[in-house]
Amino acid sequence: MALSDTNQLPPPRHIAIIMDGNGRWAKKRGLPRTAGHAAGAESFRRIANYCRTLGVEYLTVYAFSTENWRRSQEEVAGIMKLLHRYLVEALADMEKNRVRFRFFGDLSRLTPELRRLCLDAERRSEEYDVQVNFCLNYGGRDEIVRAARAFCQEVAEGKRAPEELTEEVFSEYLYSSGVPDPELIIRPSGEKRTSNFLLWQSAYSEYVFMNVLWPDFTPKDLDQAIEEYHRRNRRFGGT
Ligand code: IPE
Ligand code: IPE
Ligand code: MG
């Protein structure tokens, strides 16, 4: 398919991005890693806006994994501070941006203040339609274990029977309940692995790995990833 043809096609309904490469971006400039995360937050704003203009319905971004606590206390604190600032600003601009927020992940490990901002953002944006799913203290395995535990709990309480468990029912117990699976998952930074992102939901997603670092990621890069997605032949196990 020629590029001009793919440009005419509608974008995927749901795009997910592993926002990776902030640290390397900072290192290249002789800056602290936190400066890379600040630049990454700017990149996120730019790309979220662009997704809205394209008509993408869901944007899921990996912001902090269940494994990222392994980093230095200084770096983790820097990331949390940036998140805090971002959420305060997002809450102030809520009516202008009209983005619906959802958080995927275990928020109980965040400070009460940050958790309150997350819940406020979810509650106050419920009516808006472009949805950003922010993965925060998120792990794909953790999500699946939690879902299994929640279902088992209901079985133990007599509310559910084991035979009722199907793929559809199980999906309802995940953080992503009600959200269609992403058609396209983009990982910038040159790494080619999932790092525990959307393990269940990505069963038939198209992956696009790119060499650009996340803070340098532009709308043009997103266009390129979408063009690549349109060139793929999705078979879902058929012929
Ligand atoms: C992604 O960038 C942001 C988080 C994981 C919080 P990194 O900080 O992983 O950047 P690199 O991979 O070290 O360059
Ligand atoms: C994945 O990136 C997590 C986020 C982007 C939030 P990492 O940088 O943590 O992943 P690894 O360590 O390279 O696998
Ligand atoms: Mg990384």
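Our subject is the structure that appears above.
Residues numbered from 1 in each chain as written. Chains lettered and ligands numbered in written order. Predicted model: local features only at pLDDT ≥ 70, side-chain atom pairs only at ≥ 80, totals over all residues. Heavy atoms only, no water.

Some remarks on the nonpolar core
Threshold: The term nonpolar core refers to a set of buried residues drawn from Ala, Val, Leu, Ile, Met, Phe, Trp, Tyr and Cys, joined through side-chain atoms within 4.5 Å. Note on exposure labels: buried denotes an accessible area under 20% of the residue type's maximum, exposed denotes more than 50%, and partly exposed covers the range between, all computed with a 1.4 Å probe on protein chains only. What counts as a helix is a DSSP run of H or I of at least four residues, what counts as a strand is a run of E of at least two, and both are numbered from the N terminus.
Judged by nonpolar contacts, the single largest core of 45 residues is most densely connected at Phe44 and Phe134. The element contributing the most residues to this core is helix 4 (residues 73-92), with eight residues. Counting residues in hydrophobic clusters, the runner-up holds twelve residues, among them Tyr175, Val179, Ile185 and Phe197.

Side note on the site of ligand 1
What counts here: Being near a molecule or strand, for a residue, means having at least one of its heavy atoms within 4 Å of it. Polar contacts, as counted here, are pairs of nitrogen or oxygen atoms within 3.5 Å of one another; within protein the pair requires one atom able to donate a hydrogen and one able to accept it, and residues that are adjacent in sequence qualify only if both atoms are side-chain atoms. Under the convention used here, a 1.4 Å probe and the Shrake-Rupley method define accessible areas, while residue burial counts only the protein chains that appear.
Lining the immediate environment of ligand 1, one finds 13 residues, of which Asp20, Gly23, Arg24, Arg33 and Arg71 sit closest. Separating an oxygen atom of ligand 1 from a backbone N or O atom of Gly21 is a distance of 3.3 Å. Taking Arg33, its side chain carries an N or O atom lying 2.9 Å from an oxygen atom of ligand 1. Burial of ligand 1 by the surrounding chains reaches 87%, relative to a free accessible area of 380 Å². Of all the secondary-structure elements, those providing two or more residues to the shell around ligand 1 are helix 2 (22-28), helix 3 (33-54) and helix 4.

Remarks on the packing of helix 4 against helix 6 (residues 112-124)
Rule in force here: Fitted lines through C-alpha atoms give the axes, limited to the stretch in contact for helices. The angle between two N-to-C directions lies from 0 to 180 degrees. Here is the rule for angles: anything less than 35 degrees is roughly parallel, anything more than 145 is roughly antiparallel, 65 through 115 is roughly perpendicular, and the remaining ranges are oblique. By definition, turning the near helix anticlockwise from the far helix through less than a right angle yields a left-handed crossing, and turning it clockwise yields a right-handed one. Two residues form a contact once any of their heavy atoms are found within 4.5 Å. Each residue gets one label: Ala, Val, Leu, Ile, Met, Phe, Trp, Tyr, Cys and Pro are nonpolar, Asp, Glu, Lys and Arg are charged, and the others, such as Gly, are polar.
Axis separation between helix 4 and helix 6 bottoms out at 10 Å; the angle between their running directions is 30°. Here helix 4 lies roughly parallel to helix 6, going by the angle between them. In the packing of helix 4 onto helix 6, the handedness of the crossing is left-handed. Side by side, helix 4 and helix 6 meet where Met80, Leu83, His84, Leu87, Val88 and Leu91 of the first sit next to Glu113, Leu114, Leu117, Cys118, Asp120, Ala121 and Arg124 of the second. Of the residues contributing to the contact of helix 4 with helix 6, the split by class is nine nonpolar, one polar and three charged.

Describing the pattern of salt bridges
Worth spelling out the cut-off: By convention in these notes, a salt bridge is any Lys or Arg side-chain nitrogen within 4 Å of a carboxyl oxygen on Asp or Glu.
Tallied over the entire structure, the rule returns 23 salt bridges. Glu113 is the partner of Arg116 in a salt bridge, and the nearest nitrogen-oxygen pair spans 3.4 Å. Placement of both Arg116 and Glu113 in helix 6 is noted, with a separation of three residues, approximately one turn of the helix. Notably, a salt bridge pairs Arg232 with Glu228, separated by 2.8 Å at the nearest N-O pair. Judged by its relative accessible area of 26%, Glu228 falls in the partly exposed class.

Remarks on the environment of Asn22
By secondary structure assignment, the location of Asn22 is in helix 2. Setting aside residues no more than four positions away along its own chain, Asn22 makes contact with Gly36, His37, Gly40, Trp214 and Pro215. Engagement of the side chain of Asn22 in a polar contact is seen with the side chain of His37, the distance being 3.1 Å.

Comments concerning the packing of helix 3 against helix 9 (residues 219-231)
Geometry of a packed helix pair, given as the angle between the helix axes and the separation of the axes. Orientation of helix 3 relative to helix 9, taken along the N-to-C sense of each, is 50°, at an axis distance of 10 Å. Our classification of the angle between helix 3 and helix 9 gives oblique. In the crossing of helix 3 with helix 9, the sense of the turn from one axis to the other is right-handed. Taking contact as the criterion, the partners of Arg46, Ile47, Tyr50, Cys51 and Leu54 in helix 3 are, on helix 9, Pro219, Leu222, Asp223 and Ile226. Along the lines of polarity and charge, the residues of the contact of helix 3 with helix 9 split into seven nonpolar, no polar and two charged.

It is worth stressing that arrangement in space is one thing and function is another; only the former is reported here.
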